[in-house]
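In case you want the letters, here they are:
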Amino acid sequence: MEGIFGKRDEEAGIIMEKLVQRLLGDERLSGSAIKSAGRAAGGSSSLSSSSSEASTSETSLTSQLKGSEQHEGFHVFGIRHLSPAGAHHLLSFLDTVQPTAILVEGPSDASHVIADMTSRGVVPPIAILAYTNELPIRTLLYPMAEYSPEYQAFLWANRHGVHTEFIDLPSETALALHEQRRAWRKSSMEPEDEPKDGSRTGPQGAPTEDGLQAAPPEEAKAENSLQTYLRKQHERYEQIAELAGEPNYDSYWERHFEHNQQKDAYRHAVYEFSAQMREISELDEREHDAAETAYNEIREAYMRRRIQEVLKAGHVPGKVVVVTGAHHASALDLRLPVMTDKQRASLPKASTKLTLMPYSFYKLSTHSGYGAGNQAPAYFTLFWECLKKGDLSGLPSLYFSHVAARLREEGNYRSTAALIEAVRLAEALASMQGGSQPTWQDLRDAAVVCLGYGELSTIAEALARTDVGTAIGSLPEGVSQTPIQDDMNRELKRLKLEKYKSTVATTLELDLRENRRVKSEEAAFIDLKRSVLLHRLKLLDINFARKQYVNQGAASWSENWVLQWTPEAEIQVVESTLKGETIELATAFVLNERLEACGDITEASKLIRIACDCDLPKLMEQARGSLQELAVDAGNFNQIAAAAYELSVLIQYGSLRRMDTDSLVPLLQQLFLRGALLLSDAANCNDDASKSVIAAIHTLHGVAQEHFDSVDDALWIHKLQDLASRDDRNAKCSGFAFAILLERNEVSEDQSAQEVSRRLSPGIPADLGAGWFEGLSMRNRYALLSRTSLWRQLDSYMESLEEAQFHRSLVFLRRAFGSFEPREKAAIAEMMGDIWGFDADQTGEMLQRPLTNEEKGKLDELNDFDFEDL
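Note that the structure is predicted; figures quoted are calculated from it, not measured.

### Considerations on the sheet that holds strand E4 (residues 126–132)
In spatial order, the strands read E5-E4-E8; together these three strands make up an open sheet with antiparallel pairing. What marks the edges here is a single partner per strand, and that holds for strand E5 (139–144) and strand E8 (352–358). Across the sheet, the mean angle from the axis of one strand to that of its neighbour is 20 degrees, orientation sign disregarded. Bridge count for E4 against E5 is six bridges, and the pairing is antiparallel. Across the sheet, Ala130 pairs through a bridge with Leu140, a residue of E5. Of the strands in this sheet, E4, E5 and E8 touch helix H23 (residues 567–575), which is tilted by about 145 degrees from E8.

Have a look at this one:
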């Protein structure tokens, strides 16, 4: 099938032009022109048409449809998504009309979830999530708050036993069309700067948007024609606000639409306003954003078809109410072309599934990048509560009392008089604009003045919690969800983690040891089981939990996690359904995939530990087998050390996780032996590589100390002695090996003095002598500070160097001493003072006095020294 946006021949261009003229009323079309335009309207982006509508008279179609808010007898109620006034007026309208069918803009294949959305125990905000059931996973979101007109329409239908359904494109087609649109833009060399789900870009929450979840657009370096069009659209709405004397479009909308309580005023005003704005912008949209125009026309043709089908099913037109985004209201007229069977069959499809999920106030807000959101979801919830009580005038008092309560939680108190003054100021600000009551912006301004004493920063958090809020929705058990969502909820309930399902980040401290003060095994190991679940979520990239690493080390019996629920985490849970129907099965699937792709021993050893953390013993054994196979040919010293460390941690602390780690001991012995044998060859490296080699030596030595009874510690000491004595290996690595031997008391005082004298004797190049000392100083500095002979030898060595070599040696010494603690540097200074014949007081005085000009000059010379050859 040809792509929906693929056909761009000359004929299609002419049809598009005529369609533009027809919709704008700029041309009196003949019957044949209307037939051509009708085919384009049914699918202007190459949707084929099997037949055309009958010829109409040569009058402007726009004139024919002017003012037709009741199309073919059925009612169209245009709304702004997330509009509490829209929900209030819609309920009143439904009570008046008493419809037998309510049709709502939304994915038509999601109609079966409406019953679940209105079931007992559902707490908005919630969202319908459509996702592809094959990789790569693509999603569409349809969020709703308690005050969403669509949600209130469903509740009304449920109370009155009225038929209700979604009538927009099914999700399988909507997702496929998004892909077509992206391909069309790519072929047209247009940047992808629109939200991927089709939300129209303009002023935040303008009635031209269709209410889908939007992602924030990426900024382009240069503004192209599409970006220019979108900017002008935004400016058009802001100009309306400016002409009305409002600071922004949201304030204009709230004062002139949300506050209008006259019967039917909202419905008529929104319809007329949106129809005119659509007429003004339609020509530019067709020219600069043809993909968006085509997408909307396809949607509208499909919705007209669904309306027609409902009417043919026997519903009296006057008893049918269509609830749609205001932008589409004027287009839902059956005198416009209806999508044909052939056109419907030609629509692309992507296999999808649907589920319900909790949502959050933050994600409903424009702060999250949601194009059809509003700036203050929690505020509009208060707005909705006042509307339900029939007392909108009480909103300012309710708002300021919530702000005061948030301030009180922070330890900041405001008097009743301050709240009264805030209400009076807000009402005064509204009166200055000729409003019936304050807008959200008026309330914020009054709060800053009366509660923040002119400073926003003092009340910023309280305002954020009152305006945006931290509430999240919830769904009861049994509501339509994917199996993995159900399993996730069961696990959170079983492990008493439900209270952490909050948008506020909370720290959870876990003690993996058995709690012997409780009776049941479930309670005794609840923290361990929590850890298992959180590690599984981490492996699945579900961002509900983030592990914090504490000073005790990663192998500690204590774990710290930061838990924070977001809608993105819920989406990630849903996406994991392709990997398994439970968290455990999905985790096993991901781990198995990583094992199959594993090609080095470091990754294999990490997978063993992950399998242990996730309590997957079978996969742990499988990972052990993979590591054993890879270890046979392992020749990278750094990777061997890292793998040995992972096994060491598991063997030491495996009992905490109640896992049998005995089978890992022979593998650790094998890796340790191979690492010891490779030590000398690994140290044959340059200074850049020496850092990672030294880290690996440190790691492998830690394994030797922790498992001295299992690994060949004697061989390890022998190899360290060999490295420490060799002059043909990296000097820093040799120095580090010698430091370990000093620490282990494997070197006598005479041997130490002899080696120091040999390494720091006159004639030894600076990069060898000072480099060796840098490696020596990287371990057990207290042992170094206790050996005065070493510092005397270093002093003699530095005095023997020529000026150029002396400068070169400073590179290594400054780097070595740079990691010393201040008290260690002070101890070295006192020791050198003793060597040079100064007492401690004199040394301290010399260190504290300001530098002389000569000393500053010496430092400047050093800074100008060319070290590039090092």
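Now, onward.
### Quick word on the sheet that holds strand E10 (residues 545–548)
Taken in spatial order, the three strands line up as E9-E11-E10 in an open sheet, and their pairing is antiparallel. For this open sheet the edge positions go to strand E9 (506–511) and E10, each flanked by a neighbour on one side alone. Strand after strand, the sheet turns through a mean of 30 degrees between neighbouring axes, direction not considered. In this sheet, strand E11 (residues 558–563) lies alongside E10 in antiparallel orientation, the contact comprising four bridges.

### Some points on empty space enclosed by the protein
Summed over the entire model, instances satisfying the criterion amount to seven cavities of 30 Å³ or more. The computed volume of the second largest cavity comes to approximately 130 Å³. Lining the second largest cavity are 13 residues, and of these Arg80, Asp250, Glu254, Asn374 and Phe380 lie nearest its centre. Sorting the residues of the lining of the second largest cavity by element identifies helix H9 (249–258) and helix H18 (440–450) as the ones contributing at least two each. Take the lining of the second largest cavity: its biggest share by element is five residues, from H9. When grouped by side-chain class, the residues that make up the lining of the second largest cavity number five nonpolar, four polar and four charged.

### Observations regarding the packing of helix H25 (residues 601–613) against helix H26 (residues 617–632)
Remark: H25 packs on H26, axes separated minimally by 8 Å, with the N-to-C direction vectors making an angle of 165 degrees. One finds that H25 runs roughly antiparallel with respect to H26. For the pair H25 and H26, the crossing hand works out as left-handed. Together, Ile601, Ala604, Ser605, Leu607, Ile608, Ala611 and Cys612 of H25 and Leu619, Met620, Ala623, Arg624, Leu627, Leu630 and Ala631 of H26 make up the contact between the two elements. Its residues placed into classes, the contact of H25 with H26 shows 12 nonpolar, one polar and one charged.

### Regarding the environment of Ala446
Within the element layout of this structure, Ala446 appears in helix H18. Residue classification places Ala446 among the buried positions, given a relative accessible area of 0%. C-alpha separation for the pair Ala446 and Leu429, spaced 17 residues apart in sequence, amounts to 8.4 Å. Apart from the residues lying within four places of it in its own chain, the contact partners of Ala446 are Phe400, Ala422, Leu425, Ala426, Leu429 and Leu451.

### So, the nonpolar core
By size, the foremost hydrophobic cluster in this structure holds 106 residues, and its most contacted members are Phe544, Ile697 and Trp791. Take this core: its biggest share by element is nine residues, from helix H31 (residues 731–743). The next biggest cluster of nonpolar side chains, apart from the first, holds 103 residues, and it includes Phe93, Ile102, Tyr249 and Trp253.

### Topic: the confidence of the model for the protein chain
Confidence along the protein chain averages 81 in pLDDT terms, with 80% of residues attaining 70 or more. For the stretch residues 1–64, pLDDT sits under 50, and the model shows 106 contacts to residues farther than four places along the chain or on other chains. Per-residue pLDDT stays below 50 along residues 189–221; that stretch engages in 111 contacts with residues further than four places along the chain or on separate chains.

### Digging into unusual backbone geometry
The omega torsion across Pro124 and Pro125 is 5 degrees, close enough to zero to call that bond cis. By the secondary structure assignment, Pro125 is in the loop between helix H5 (114–117) and E4. A positive phi angle, close to 50 degrees, is found at Gln98, a residue other than glycine. Tracing the backbone shows Gln98 in the loop between helix H4 (84–97) and strand E3 (101–107).

### Topic: the packing of helix H30 (residues 713–725) against H31
Remark: H30 packs on H31, axes separated minimally by 8 Å, with the N-to-C direction vectors making an angle of 135 degrees. In terms of axis orientation, H30 runs oblique to H31. Along this stretch, H30 crosses H31, giving a crossing that reads as left-handed. Packed against H30, whose contacting residues are Ile717, Leu720, Gln721, Leu723 and Ala724, the element H31 presents Cys733, Ser734, Ala737, Phe738, Ile740 and Leu741 at the interface.

Rules behind the numbers
- Residues numbered from 1 in each chain as written.
- Predicted model: local features only at pLDDT ≥ 70, side-chain atom pairs only at ≥ 80, totals over all residues.
- Heavy atoms only, no water.
- Pairing = 2+ DSSP bridges.
- Helix = DSSP H or I, 4+ residues; strand = E, 2+ residues; numbered from the N terminus.
- Axes fitted to C-alpha atoms, helices over the stretch in contact; angles between N-to-C directions.
- Contact = heavy atoms within 4.5 Å.
- 1 Å grid on protein atoms, 1.4 Å probe; cavity = no way out; pocket = protein on both sides within 12 Å on 5 of 7 lines; lining within 4 Å.
- Points joined across faces, edges and corners; volume = space filled by probe spheres on them.
- Nonpolar A, V, L, I, M, F, W, Y, C, P; charged D, E, K, R; others polar.
- Parallel < 35°, antiparallel > 145°, perpendicular 65-115°, else oblique.
- Left-handed = near helix turned anticlockwise from the far one by under 90°.
- Buried < 20%, exposed > 50% of the residue type's maximum accessible area, 1.4 Å probe, protein only.
- Core = buried A, V, L, I, M, F, W, Y, C linked by side-chain atoms within 4.5 Å.
- pLDDT = per-residue confidence, 0-100.

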